[in-house]
Amino acid sequence: MSKTIRIAAALLIDPQGQTLLVRKRGTLAFMQPGGKIEADELPVKALARELFEELGLRIDEDEARYLGNFSAPAANEPGFEVVCELFRVETAETVVPAAEIEEALWVDGKSARQLELAPLTRDLILPLYRGD
């Protein structure tokens, strides 16, 4: 049985309909912003905390729309599986990479294909975003 990492992540959408992908320092793969869910933490609370820590973004938890539970091999931890609680969050705020985030890019479905992507992002979340 593979080891699992429980995360909350955002399909973050700007007013132009683009989505935000982030890359952690020292890694190559872009992925949705978000992070690990602490013990006894609600996924939407984890998401709000991580978005603030990593991007300086404050969200209204009541406006984060739950999209479902997704899982895929972890991009940066070999032998681990990421189990993701995914939320759609719309924002017009400016994001500023902080903490372990080295790069943040707003992309559309087409430009995202040019990037190296985490398996969860590439195989499950971006097809959902694009409506594939």
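Before reading further, recall that the structure is shown in the block above.
Keep in mind that what you see is a predicted model, and the values were worked out from it rather than measured.

The rules behind each value
Residue numbers run consecutively from 1 along every chain, following the written order of its sequence. Restriction of local features to residues with pLDDT of at least 70 applies here, the model being predicted, together with a cutoff of 80 or more for giving and counting side-chain atom pairs; totals for whole chains, interfaces and linings are based on all residues. The side-chain figures draw on all heavy atoms in the structure; neither hydrogens nor water molecules are used. For the purposes of this entry, the term helix denotes a DSSP run of H or I that reaches at least four residues, the term strand denotes a run of E that reaches at least two, and both are numbered from the N terminus. Throughout, radius of gyration means the C-alpha value; the globule benchmark is 2.2 Å times the number of residues raised to the power 0.38. Contacts between residues were defined by any pair of non-hydrogen atoms, one from each residue, lying within 4.5 Å. With residues, only the protein chains shown are counted as cover, and all accessible areas are computed by Shrake-Rupley using a 1.4 Å probe. His is not counted, nor are the chain ends; Lys and Arg add positive charge and Asp and Glu add negative charge. Charge positions come from single atoms, namely NZ of Lys, CZ of Arg, CG of Asp or CD of Glu. For this analysis, a nonpolar core means a set of buried residues of the types Ala, Val, Leu, Ile, Met, Phe, Trp, Tyr and Cys, connected via side-chain atoms within 4.5 Å. Throughout, exposure labels follow a simple rule: accessible area from a 1.4 Å probe, protein chains only, divided by the maximum for the residue type, with under 20% read as buried, over 50% as exposed, and the rest as partly exposed. Salt bridges, as used here, are contacts in which a Lys or Arg side-chain nitrogen is within 4 Å of a carboxyl oxygen on Asp or Glu.

Right, let's get into the overall build of the protein. Looking only at helices and strands, the protein has three helices and seven strands in total. Ordering the α and β elements of the protein from the N terminus gives β-β-β-β-α-β-β-β-α-α. Its C-alpha radius of gyration of 13 Å places the protein within 12% of the 14 Å reference for a compact globule of 132 residues. Dimensions of the protein along its principal axes, counting C-alpha atoms only, are 40 × 35 × 30 Å. Contacts in the protein between residues at least 24 apart in sequence constitute 65% of all its contacts with a sequence separation of at least 6. Looking at the protein as shown, the accessible area adds up to about 7,100 Å², and 50% of this sits on carbon and sulfur atoms. On the protein, the mean spot of the 15 positive side-chain charges and the mean spot of the 23 negative ones are 4 Å from each other.

Here the focus is the side chain of R23. Along the chain, R23 falls in strand 2 (residues 19-24). With residues near it in sequence (within four places) discarded, R23 still touches L28, A29, F30, E100, I101, E102 and E103.

Within the element layout of this structure, G26 appears in the loop between strand 2 and strand 3 (30-31). Taking the C-alpha atoms as reference points, G26 and N76, 50 residues apart in sequence, are found 9.8 Å from one another.

The next thing to look at is the nonpolar core. Within the largest apolar cluster, 22 residues are counted, with the highest numbers of intra-cluster contacts made by L47, L51, L55, L57, I59 and V89. Of the residues forming this core, the biggest block, six residues, is contributed by helix 1 (residues 43-55). The contact partners of V89, leaving out residues within four places of it in the chain, are A10, L11, L12, I13, L47, I59 and A64. Formed by 20 residues, the second largest nonpolar core is a distinct cluster that contains L21, V82, C84 and V107.

All told, the structure shown has nine salt bridges when counted by the stated rule. Across the pair E102 and R23 runs a salt bridge whose closest N-O atoms are separated by 3.0 Å. Of this pair, E102 sits in strand 7 (residues 101-107) while R23 sits in strand 2, and the two are 79 residues apart along the sequence. The shortest N-O distance in the salt bridge between E53 and R49 comes to 3.5 Å.

A positive phi angle is found at D40, which is not glycine, with a value near 60°. Mapped onto the elements, D40 comes out in the loop between strand 4 (34-36) and helix 1. Among the residues examined, D40 registers a relative accessible area of 86% and is labelled exposed. Despite not being glycine, A99 has its phi angle at roughly 50°, a positive value. Relative to the assigned elements, A99 resides in the loop between strand 6 (80-90) and strand 7. For A99, a relative accessible area of 47% corresponds to the partly exposed category.

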